[in-house]
Amino acid sequence: MAQVTEPAMRPASEPANPWPAMWALVLGFFMILVDSTIVSVATPAIMTSLDADVNSVVWVTSSYLLAYAVPLLITGRLGDRVGPKWIYLIGLVLFTGSSLWCGLSDGIEMLIIARVFQGLGASMMTPQTMAVITRTFPPDKRGRAMALWGAVAGVASLVGPIVGGLLIDGPGWEWIFFVNIPVGVVAFALALRLVPRLQTHSHRFDIPGVLLSGIGMFLIVFGIQEGESYDWAGWIWLLIGAGVVVMVGFVIWQRVNSAEPLLPLGLFTDRNFSLSNIAITAVGFMIISLSLPLMIYAQSVRGLTPTRAALLMVPMAVVGIILAPFVGRLVDRYHPRYLAGFGLLADSVSLFWLSSVLRADTPIWQLLLPITLLGIGTAFTFGPLGVSANRNLPMAQAGAGSGVYNATRQVGSVLGSAAIAALMESRLAANLPAMPGGAAPTEAGAGDLPPQLLDGFSTAMGQSLMLPAIVIGVGFLVVLFLEAPKHLAARRP
């Protein structure tokens, strides 16, 4: 009590009603998620407007995801040290300001740079929402708050593509970024007024860990994404190998760092935590890598407007929202191996199915069937994996566990974005041989396709979808080794 600043800091139990703060934070979180889903719908429009090829426009997503994923482990601790309210507000200002920058970009390079800053803002905001929930809601009400937090993701996956399509069809692709500005201003005013100041805790920051992980991830992602453009030259493989070496160095540093490592390796001694992190990496890979070929196919091959292309994803989002409460009630009653296993298997089957029917003349209803199955699978995936990851961790490690779990999901997204770009380039080059030049086929998605290219382009996009199908299949095999929670294991005779 002798500290002057202590009375100004509210302990986690002080807010009589934490829901207003929760709603204020949800608005900013919703904006981040909507922005992520909008960009995939805008890909063909951005390619045409900024005269960019597939590989260049994928960097619009990859740069954002890299800047989002790499700092996640440290921005959570930064919130503990400075206060989650202030780090959230700083991130919100950065995200909103860079959204204006994105909309004003007149070249693909400038848009990519602006997206880096947008990703940094998102990385500052996301951990603070979970931290405020954990620290302001009592344990018996925390589940309802987390359910709302999860439901926001489902609603954003539904609203984002549709709003994006309407904006792209109307004022233009720039407005998918401009729309963040009024939302960001309102979110800032609400958070400034409603989010409490919470007690801070000192942390040491693992700067070498941040640098090693950032450099390693960039080298790997750059090598994978640009490999096809440079015909997988020897220096590309050296780049990827160097990235792997740097990441190994990062793990070694985390092991020997006796202060406060960025990645607490002790968390991975829990079997379920380790397996759940591998599985959620596969999920992050799948989600980011399925939307790009599907949206390009829908607009470039089928001639759908951005709005109508976005509507293809509605069955997936609606089914996910409807099933989420039902799955939530099952999580504490059944082995996560069965729930998450069913979900991941359904995801893999749906993607192989979608890959097989992605042709130039396929009736739309035949596309909607596997997309609906994908919604069923994802509904059975997120909840069981999230609960399995953190159920056995002590409360003192819950925050660190959540940070690692979110970071691994984003790492999966980064790798998925890079890998799908490389595979689409490769498949386009293989299936559109009539187009001159190695890079020319990658520009085919920028506008209306000539009739003679429709079949080859459809085949290329369908073959690309097999990659996330295989990766999520690996995730299915991983969750088969999850252990039963203690309360379920105790019921066994």
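What counts as what
- Note on numbering: residues in each chain are counted from 1, in written sequence order.
- Since the coordinates come from a predicted model, pLDDT governs what is reported: local features require at least 70, and pairs of side-chain atoms require 80 or more to be given and counted, while whole-chain, interface and lining totals use all residues.
- Each side-chain value is derived from all of the structure's non-hydrogen atoms; neither hydrogens nor water enter the calculation.
- Helix numbers and strand numbers start at the N terminus; a helix is a DSSP run of H or I with at least 4 residues, a strand a run of E with at least 2.
- A simple rule labels every residue: compare its accessible area, found with a 1.4 Å probe on the protein chains alone, to the largest value its type can have, and call it buried under 20%, exposed over 50%, or partly exposed in between.
- Every residue pair with non-hydrogen atoms within 4.5 Å of one another is taken to be in contact.
- Here, expected helix span is obtained from the residue count minus one, scaled by 1.5 Å.
- Bend is the name given here to the angle between axes fitted to two runs of seven residues, the run ending at a residue and the run starting at it.
- Angles run from 0 to 180 degrees between N-to-C directions of axes, and those axes are lines fitted to C-alpha atoms, restricted for helices to the stretch in contact.
- Working rule for angles: under 35 degrees goes down as roughly parallel, over 145 as roughly antiparallel, 65 to 115 as roughly perpendicular, anything else as oblique.
- The sense of a crossing depends on the near helix, which, turned anticlockwise from the far helix by less than a right angle, makes the crossing left-handed and, turned clockwise, makes it right-handed.
- When residue character is reported, Ala, Val, Leu, Ile, Met, Phe, Trp, Tyr, Cys and Pro are called nonpolar, Asp, Glu, Lys and Arg charged, and the others, Gly included, polar.
- Any two rings among Phe, Tyr and Trp, with Trp reduced to its six-membered ring, count as a pair given centres within 6.5 Å; such a pair is stacked if its planes are under 30 degrees apart, edge-to-face if over 60, and tilted if neither.
- The criterion is that NZ of a Lys, or CZ of an Arg, lies within 6 Å of the ring centre and within 35 degrees of the ring normal, and then a charge sits over that ring.
- The score called pLDDT rates the predictor's confidence residue by residue, from a low of 0 to a high of 100.
- Patch members must show over 30% relative accessible area and no salt bridge, and they are joined within 9 Å when carrying like charges or within 5 Å when they are nonpolar side chains of Val, Leu, Ile, Met, Phe, Trp or Tyr.
- Accessible surface is estimated by sampling points in the Shrake-Rupley manner with a 1.4 Å probe; for residues, cover comes only from the protein chains shown.
- Any Lys or Arg side-chain nitrogen found within 4 Å of a carboxyl oxygen on Asp or Glu counts as a salt bridge.

**Q** Any chance you could break down the overall build of the chain for me, citing the residues and the numbers?
**A** In terms of helices and strands, the chain carries 20 helices and 0 strands. Buried residues in the chain amount to 55% of all 493 residues. Sequence separation of at least 24 residues holds for 84% of the intrachain contacts in the chain that already meet a minimum separation of 6.

**Q** Tell me about helix α13 (residues 314–331), and name the residues and values.
**A** Its 18 residues give α13 an end-to-end C-alpha distance of 25 Å, which sits within 8% of 26 Å, the value for a rise of 1.5 Å per residue. At Ala324, α13 shows its strongest bend, of approximately 40°, with the proline Pro325 following within four residues. Within α13 the residues assigned to the buried category are Pro315, Met316, Ala317, Val319, Gly320, Val327, Leu330 and Val331.

**Q** Let's hear about the packing of helix α1 (residues 19–50) against helix α11 (residues 271–301): which residues, and what values?
**A** One way to put it is that α1 packs onto α11 with a least axis distance of 9 Å and a crossing angle of 45°. By the angle between their directions, the pair α1 and α11 is classed as oblique. Of the two possible hands of crossing, α1 and α11 adopt the one that is right-handed. For the pair formed by α1 and α11, the contact residues are Ser40, Val41, Thr43 and Pro44 on the first element and Ser291, Leu292, Met295, Ile296 and Gln299 on the second. The residue inventory of the contact of α1 with α11, partitioned by class, reads 5 nonpolar, 4 polar and no charged.

**Q** Can you break down the packing of aromatic side chains residue by residue, with the values?
**A** Any pair of aromatic rings gets described here by the distance separating the centres and the angle formed by the planes. On inspection of all chains with the given rule, the structure shows 10 aromatic pairs. An angle of 90° between the planes, with centres 6.3 Å apart, marks the rings of Trp173 and Phe177 as edge-to-face. Taken as a pair, Trp173 and Phe177 share a single burial class, namely buried. Over the ring of Trp86 we find Lys85, and its NZ or CZ is 5.2 Å from the ring centre.

**Q** Account for the confidence of the model for the chain, naming residues and giving values.
**A** When the pLDDT values of the chain are averaged, the result is 82; 86% of them are 70 or greater. When mean pLDDT is compared element by element in the chain, helix α19 (residues 466–479) scores highest at 96, while helix α20 (residues 486–489) scores lowest at 58. Note that residues 1–14 has pLDDT below 50 and, in this model, 15 contacts with residues that lie over four places away or in other chains. Contacts of residues 435–441 to residues separated by more than four positions or lying in other chains number 7 contacts, the stretch itself having pLDDT below 50.

**Q** Talk me through a nonpolar patch on the surface; I want residue IDs and the actual numbers.
**A** Judged by side-chain polarity, Trp101, Met110, Ile113, Phe117 and Leu120 come together as a nonpolar surface patch covering roughly 390 Å² of accessible area. Ranked by residue count, the leading element in the nonpolar patch is helix α5 (residues 108–136), at 4 residues.

**Q** Tell me about the side chain of Asp270, and name the residues and values.
**A** Looking at where Asp270 falls in the secondary structure, it is placed in the loop between α10 (234–256) and α11. Excluding anything up to four places from it in sequence, Asp270 contacts Asn392 and Leu393.

**Q** A description of the packing of α13 against helix α15 (residues 364–379) should follow, citing residues and the corresponding values.
**A** For the pair α13 and α15, interaxial distance at closest approach is 8 Å and the crossing angle is 30°. Relative to α15, the element α13 is oriented roughly parallel. The handedness of the crossing between α13 and α15 comes out as right-handed. Contacts between α13 and α15 involve Pro315, Met316, Val319, Gly320, Leu323 and Val327 from the former and Leu368, Ile371, Thr372, Leu374, Gly375, Ile376, Thr378 and Ala379 from the latter. Of the residues assigned to the contact of α13 with α15, the class counts are 10 nonpolar, 4 polar and no charged.

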